[in-house]
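What follows is each chain in one-letter form.
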Amino acid sequence: MSTPKRIAVIGVGSMGSQAMWRLAARGAEVIGYDRYAPGHDRGAAGGETRIFRAAHLGEPGYIPLLRLADQLWDRLQEESGRELRRRTGCLVMGATESPSIRTLLSSSDAHGLDHEVLDRAALARRYPQHRLPEGHTAVLDREGGIIRPELSVQTAAGRAELLGARLRRYTPVREIVPAPRGGVDIVTDEGTDHVDTAVVTAGPWINTLLPDLPRVVDIRRLISSWHVPTTHDWFAGGAPAFVRSTPHHCYGLPSPDGLSVKIGLSRARHLPVADPLRLDRTVDPAELAVFRELIGELMPDLNPDPVRLSVYMEGYTDSEHPLVGHLPGQDDIVVLAGFSGSGFKMSPAMGEIAADLALEGTTGQPIGFLAPAALGTP
Ligand SMILES: Cc1cc2nc3c(=O)[nH]c(=O)nc-3n(C[C@H](O)[C@H](O)[C@H](O)COP(=O)(O)OP(=O)(O)OC[C@H]3O[C@@H](n4cnc5c(N)ncnc54)[C@H](O)[C@@H]3O)c2cc1C
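Residues numbered from 1 in each chain as written. Predicted model: local features only at pLDDT ≥ 70, side-chain atom pairs only at ≥ 80, totals over all residues. Heavy atoms only, no water.

What follows is about the sheet that holds strand β8 (residues 145–147). With antiparallel pairing, 3 strands are arranged side by side in an open sheet as β3-β8-β4. The open sheet has two edge strands with one neighbour each: β3 (50–52) and β4 (85–86). (Pairing = 2+ DSSP bridges. Helix = DSSP H or I, 4+ residues; strand = E, 2+ residues; numbered from the N terminus.)

Spelled out as structure tokens, the structure:
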């Protein structure tokens, strides 16, 4: 019997917990490191809910990856017996003639995704909590829904541990050093571990962990704002998540407890983060004006005064495609970074791809458009 490959997963958040699960399931010897503990709320994975969509607004190349993620979400739920995802559906609303709605409809048709087009009148009947301007359309992605991020991260990491993986909680990795004899040395305050391959999934801390790489991942500060409905029952009709592109680019998720609706904004509204170790978590009242405005216009039955505000971080690339692959010139270091505000739904697929790259050196999944060439040449 051959010796199992020894793989380090650095950052056990959204992507790292799934990478640990898939690697451990495939027989690798896995060591995970996190500067905190799985399920914490200081990076990209906090705030109770994430949108799952089967369809994609921009790049049809994501659809096979979302299919794989869909199957793996089901598998993780079955293995753990936990409800990680609820298929509430996801409403996507935008100008009927916009490229995003056109792409969404054409790729949904081409891939046979279960969806329904609702005009203004149909939307008003079915989901009266949403106002749709003239010339706009709503598309209900019936395979969409909500995922519980903290529970998912803990569940994937927990499954990996049950399968034999080791997890070093509260252990920040200080350095990843290619070893002269092959493989990689992982340096922490407690010592150095030698592994065959390192999978780097440090999320918004990618530039802190790998300071010598070109800064192609831009770290941003995201506000999530929770609002209580005033009149309409937001939770009737299946309470789908929603994404809106015009006149305000925003998204929202009715809370699984049925008490409030979480709203988030698009990248253009997110302030840069100079140092992810010193994230400013206070929200200035001036930052709430945009929430007040869009609620008044698009969802007037929500109280615009938030009942909860939280601040998170996420890494964005210019193209908004994540960087997934071997670090240029480093066959023993796999990086997954820059998920640009939409990575959570894909995280189990990313875990499987990380396992392919770490164990086989390549993947059969169609990720050519996600290659991390921008991180530099050897
Ligand atoms: C507010 C918000 C809303 C979002 N909404 C959605 C949505 O609805 N749907 C969707 O699909 N996506 C959504 N996203 C995007 C998605 O959540 C992210 O793309 C995803 O969480 C990124 O995962 P990650 O593993 O890269 O980062 P993280 O989940 O933050 O994980 C990084 C981990 O690395 C650890 N770490 C960092 N440095 C070190 C080190 N030196 N040593 C050890 N450990 C380290 C951190 O502690 C952390 O646990 C949203 C993001 C945010 C912030």
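Our focus in this paragraph is the nonpolar core. For soluble globular proteins, the rule of thumb is that nonpolar side chains tend to be buried together. Ranked by size, the top nonpolar core spans 53 residues in total, and within it Leu91, Ile176, Ile186 and Val200 carry the most contacts. With 5 residues, helix α7 (residues 289–298) is the single largest residue contributor to this core. In contact with valine 200, other than residues within four places in its own chain, are Ile10, Ile176, Ile206, Leu209, Leu210, Ile333, Val334, Val335 and Leu336. (Core = buried A, V, L, I, M, F, W, Y, C linked by side-chain atoms within 4.5 Å. Buried < 20%, exposed > 50% of the residue type's maximum accessible area, 1.4 Å probe, protein only. Contact = heavy atoms within 4.5 Å.)

Segmentation of the protein into domains returns domain 1 (6–46 + 149–216 + 320–375) and domain 2 (86–146 + 218–316). On a C-alpha basis, the centres of domain 1 and domain 2 stand 29 Å from each other. Contacts between the two partners involve 18 residues from domain 1 and, on the opposite side, 12 residues from domain 2. There are 1 salt bridge connecting domain 1 and domain 2. Linking domain 1 with domain 2 are 8 residue pairs in polar contact (both at pLDDT 80 or more), by the criterion used here. Of the residues that constitute the side of domain 1 that touches domain 2, the class distribution is 6 nonpolar, 8 polar and 4 charged. (Domains from an automatic or database assignment. Salt bridge = Lys/Arg side-chain N within 4 Å of Asp/Glu carboxyl O. Polar contact = N/O pair within 3.5 Å; in protein donor to acceptor, adjacent residues only side chain to side chain. Nonpolar A, V, L, I, M, F, W, Y, C, P; charged D, E, K, R; others polar.)

With antiparallel pairing, 3 strands are arranged side by side in an open sheet as β10-β11-β12. Each having just a single partner strand, β10 (173–178) and β12 (191–195) make up the two edges of the open sheet. Adjacent strand axes in the sheet meet at a mean angle of 20°, parallel and antiparallel pairs treated alike. With 5 bridges joining them, strand β11 (residues 184–188) and β12 adopt antiparallel strand pairing. Opposite valine 187, over in β12, you have threonine 192 as the bridge partner. (Axes fitted to C-alpha atoms, helices over the stretch in contact; angles between N-to-C directions.)

Moving on, we get to the site of the ligand. Around the ligand sit 36 residues, and of these Ser14, Asp34, Ile51, Val173 and Glu314 come closest. Within the side chain of aspartate 34, a nitrogen or oxygen atom sits 2.6 Å from an oxygen atom of the ligand. Glycine 341 places a polar main-chain atom, nitrogen or oxygen, 3.4 Å from a nitrogen atom of the ligand. At the level of elements, α1 (14–25), β3, β14 (218–227) and β19 (308–316) are the ones that each hand at least two residues to the shell around the ligand. Tallying contributions element by element places β19 first for the shell around the ligand, with 3 residues. Taken together, the residues that form the shell around the ligand break down as 19 nonpolar, 12 polar and 5 charged. Counting only domains with at least three residues in the shell around the ligand, you end up with domain 1 (6–46 + 149–216 + 320–375) and domain 2 (86–146 + 218–316). (Near = heavy atom within 4 Å.)

Right, let's talk about the packing of α1 against helix α8 (residues 347–360) for a bit. The N-to-C vectors of α1 and α8 enclose an angle of 55°; their axes lie 7 Å apart at closest approach. Judged by the angle between their axes, α1 and α8 are oblique. Crossing hand, α1 versus α8: right-handed. Judged by residue contacts, Ser14, Met15, Gln18, Ala19, Arg22 and Leu23 of α1 engage Ser347, Pro348, Met350, Gly351, Glu352, Ala354, Ala355, Ala358 and Leu359 from α8. Its residues placed into classes, the contact of α1 with α8 shows 9 nonpolar, 4 polar and 2 charged. (Parallel < 35°, antiparallel > 145°, perpendicular 65-115°, else oblique. Left-handed = near helix turned anticlockwise from the far one by under 90°.)

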